[in-house]
Structure formats: structure tokens, C-alpha cells
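Residues per chain are reported as follows:
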Amino acid sequence: MMESMERALSLARAALGTTSPNPAVGAVLVKDGAIVGEGYTQPPGQAHAEIMALQQAGRLARGATLYVTMEPCCTYGRTGPCTRVLIEAGVAEVYMAVEDPNPRVNGNGRAELQAAGIPVHSGDRADEALYLYRCFAKHVVTGLPYVIAKFAASLDGKIATPTGDSRWITGEASRHRAQQVRREVDAILVGINTVLKDDPQLTARDEAGTTLARQPLRVVVDSGLRTPASVRLLTEPGRTLIATIQPAGSVPPAGVEMQRFAPDAQGRVPVGQLLAELGQRGVVSVLVEGGGQILGSLFDERLVDEVMAFIAPMVIGGEKAPSAVAGEGPFELANATRLRDVRVEQCGHDILVTGHPEGRC
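Definitions and limits used
- Sequence positions are assigned chain by chain, starting from 1 and proceeding in written order.
- Restriction of local features to residues with pLDDT of at least 70 applies here, the model being predicted, together with a cutoff of 80 or more for giving and counting side-chain atom pairs; totals for whole chains, interfaces and linings are based on all residues.
- Values shown for side chains rest on all heavy atoms present in the structure; no hydrogens or waters enter the calculation.
- Secondary structure elements are defined from DSSP: runs of H or I of at least 4 residues count as helices, runs of E of at least 2 residues count as strands, and each element is numbered from the N terminus.
- The buried label applies to any residue whose accessible area, calculated with a 1.4 Å probe on protein chains only, is under 20% of its type's maximum; exposed applies above 50%, and partly exposed to all values in between.
- What is meant by a nonpolar core is a set of buried Ala, Val, Leu, Ile, Met, Phe, Trp, Tyr and Cys residues, joined one to another through side-chain atoms within 4.5 Å.
- Salt bridges are counted wherever a side-chain nitrogen of Lys or Arg sits within 4 Å of a carboxyl oxygen of Asp or Glu.
- Working definition: a ring pair exists when centres of Phe, Tyr or Trp rings (six-membered ring for Trp) sit within 6.5 Å. Plane angles under 30 degrees give stacked, over 60 give edge-to-face, the rest tilted.
- Definition used: whenever NZ (Lys) or CZ (Arg) falls within 6 Å of the ring centre and also within 35 degrees of the ring normal, the charge is taken to sit over that ring.
- Two strands pair under a simple rule: DSSP has to find at least two bridges between them.
- Note on geometry: axes are lines fitted to C-alpha atoms, helical ones only across the stretch in contact, with angles between N-to-C directions running from 0 to 180 degrees.
- Pairs of residues are marked as contacts when any of their non-hydrogen atoms sit within 4.5 Å.

J.: Break down unusual backbone geometry for me, with residues and values.
T.: For the bond running from Ser20 to Pro21, omega is 10°, close enough to zero to count as cis. Tracing the sequence through the fold places Pro21 in the loop between helix H1 (2–15) and strand E1 (26–31). Across the junction of Gly290 and Gly291, the peptide omega takes the value 0°, indicating a cis bond. Topologically, Gly291 is positioned in the loop between strand E11 (285–288) and helix H10 (292–300). One non-glycine residue with positive phi stands out, namely Asp32, at about 55°. Position of Asp32 relative to the elements: it lies in the loop between E1 and strand E2 (34–40). In this structure, Asp341 takes a positive phi of about 50° despite not being glycine. Mapped onto the elements, Asp341 comes out in strand E13 (residues 339–347). Asp341 gets classed as partly exposed once you look at its relative accessible area, which sits at 48%.

J.: Please set out the nonpolar core residue by residue, giving values where relevant.
T.: Membership of the largest hydrophobic core comes to 40 residues, with the highest contact counts inside it found for Leu29, Leu54, Leu66, Val68, Val91, Val94 and Tyr133. Secondary structure elements with two or more residues in this core: H1, E1, helix H2 (49–57), strand E3 (65–70), helix H3 (82–89), strand E4 (93–98) and helix H5 (126–132). Counting residues in hydrophobic clusters, the runner-up holds 29 residues, among them Val147, Phe151, Leu274 and Phe299.

J.: I'd like to hear about the pattern of salt bridges, residue by residue, with values.
T.: All chains considered together, the criterion is met by 16 salt bridges. A salt bridge links Arg110 to Glu99; its shortest N-O distance comes to 3.4 Å. Taken together, the residues Arg110 in helix H4 (residues 108–115) and Glu99 in the loop between E4 and H4 connect sequence positions eleven residues apart. With relative accessibility at 33%, the residue Glu99 sits in the partly exposed group. Bridged by salt links that share partners, the residues Glu6, Arg13, Arg125 and Glu128 form one connected network.

J.: Pulling in residues and values, what's your account of the packing of aromatic side chains?
T.: Tallying each qualifying case throughout the model produces one aromatic pair. Both rings, one in Tyr67 and one in Tyr95, keep their centres 5.2 Å apart while their planes meet at 10°; by these two values the pair is stacked. Placement of Tyr67 in strand E3 and of Tyr95 in strand E4 is noted, with a sequence separation of 28 residues between them. One Lys or Arg, Arg134, reaches over the ring of Tyr131 and ends 3.8 Å from the middle of that ring.

J.: An account of the sheet that holds strand E12 (residues 306–312) is needed here, citing residue identities and associated values.
T.: Taken together, the nine strands give an open sheet; going across it, the order is E10-E9-E8-E7-E11-E6-E12-E14-E13, and neighbouring strands pair in mixed fashion. Only two strands of the sheet have a single neighbouring strand rather than two, namely strand E10 (257–260) and E13. Here the strands of the sheet are splayed against their neighbours by 20° on average, with no regard to which way each runs. As paired elements, strand E7 (residues 187–191) and E11 share three bridges and run parallel to each other. Within E11, the residue paired with Leu189 across the bridge is Val288. The strands touched by helix H6 (residues 134–142) are strand E6 (146–154), E11, E12 and strand E14 (350–357); relative to E6, the strand with the most contacts, the crossing angle is about 135°. Helix H7 (residues 172–184) contacts E6, E7, E11, E12, E13 and E14 of the sheet and is inclined by roughly 160° relative to E12.

Here it is, written out as C-alpha cells:
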């Protein structure tokens, strides 16, 4: 059973970044101790993982046991309910890692299968599945995207020298790890200062460095509409959205969509409203890559769900060297953002620290 669910989780991970706003699910059908069918969620509007596994199994699905990373759906959307197809196929038993957090499904898929005489078990590899679906769970319940704050800094918390030199603080292994996250998220968000200083491409690439066909939405927070038409991110495949407070009639660079907001108290794009707009657009996950002011605003407003901090074994120093997170910050240390569920891993010579701010997800 453990090996079958592990295979299902592996299939689900392979689909990350291709299924949004649907969750990436993996499914395995086992009969007489052998896998007879498997599959993972296809892009929106196409088959779910269970259907892919059933199609591969064919007649062997009758009497088989299904291992699936999330509760089979029982609702009509772009596709029909998986529960009915499983019942019709004669699946004998179902093991699911976790229930579907979608309020329309949550527990109902299990109940429909059980009513048809199919035993349903849950909890196998649940922790791994819950982490896998953390972004989907937040979005489907709140309508807001899951926010990952990612930054690379020196041991003393600097992201550049006083002159602005920032390439490269971290090593190749850390950059590969960051690319993995880019491949999985729906949007990458940066501030205009990052665009002007670093001229980033903000693209998702494979392990060989080749730009992928599927690209996350690039979001530039540009209150003053200062994005030059010459920046590299505008020449890359995929879509770019500029969030601004400039009035109607302002013209963005060619080929770029512009979303206007009423300014916040500081005269800038209100990041909370921006996230709500992205959520309404079906953006399930957002990777925020800087700069310090944007990250600071998100931390100040308690809008960060996860932190990814790449720490390089170097000391930059300098009073004027910029820090990873700016903003107002707390007046007292007791109000600082503290992380729970902290993980520490080695990335080449660097260290990656991840965790969830207390009080979030």
C-alpha cells in the first residue's frame, strides 16, 4: 500500500504547474499485487488522474484497488464527476491520502463511493499530500492565492552591495531550486525597482536552462508606470501584467496588460487588493521574488503564507547595502514574523530555510 501511494504522489508531483486551477492529483490502480493503470491530472478541461488510470487499466479496473492522492471529485465542472466513473468501472476499494478541501466535495466524494458499496480509506501519506495541496486548499477556500516569499541573502541579510551588485549571491544549486518553484507556480511577482535594477527575465526554465512553453504570469507592481519597453521580461514568452495606480488613459508597453488600483495610504498599489484580483483570475499560487519594499509590504500586512530564504555563506556589510525585506517592520520584536514547520536543507554551499509564518495556513 505504501509503495502504491508513493507512486501516486510521484505522479502528482510530475503534474505540478500544469493543472491549475485544479489540483495536481496522482492515481494508481492495483490488481493482484500489480499496477494495471496509473495517471495524473491533465491540463484544465481534460481528464482527471482517476480517469487516466481507468483508461490505461481498461477491463482490468474491475475489482482493482485505487490509490489516489486526493478524494475523487463528485461534482460537475469542466469534466464530470470521477466518483460515478469509478463506480461504473467496478473499482473495488479506494485509498485516498486526503479529502478534497473544496467545500463542494469535502467528504461528499467519499460518501458517494461508500453508498455504492466501495470501502474508502484515508490518511496514508497525508502529511505529504497536505503539503502538496497547500496552495490549492487556500485558494479554493478563500479565493486568494497562496503567497511564497522568496529571497536570497548573505549571512548578514543583505541582497546586494552598497553599489547594487547582486549577481550572484547564491550558487547554481540554489538557482536551480528556485527554478523548480517557478515551474510549479501560477505567477511570479516583483516590484518595479527589481525590474529596473536587475532586468530579470522572470521565466520558468527546465534543468537544461531551456525556456518552457508554459510560463507563469509575470506580475510587476509599478505604481508610477515606469516599466521600460526595452526590459527583457517583455520579450519572453508568456503574459505580463502591470499593477499600477496610474489613471485611465495611461499606456503600458505594447503587449502588456495593465490593472489599475486606487492607491493605498502610502500612495502605492495595495498589495492585498492585488492578491484578491489575482485570485479572481484563477491564480492559485504566487512566487514573490522582490524587491525589499514589496516583500516588506506583504510581511507588514501578514499576507505571506510561506518563506523561502536562500542564505549564502558570505558577509557583505555596509550600512547602505539593501536588506531582503524592507517595509515598516514591527515596533517590537514580539510582533516580528516567526516561522513554524521550519525546514533547513543544503543547496550546494548555500542553505535554504523554509517555513510558514505563525498564524498562516
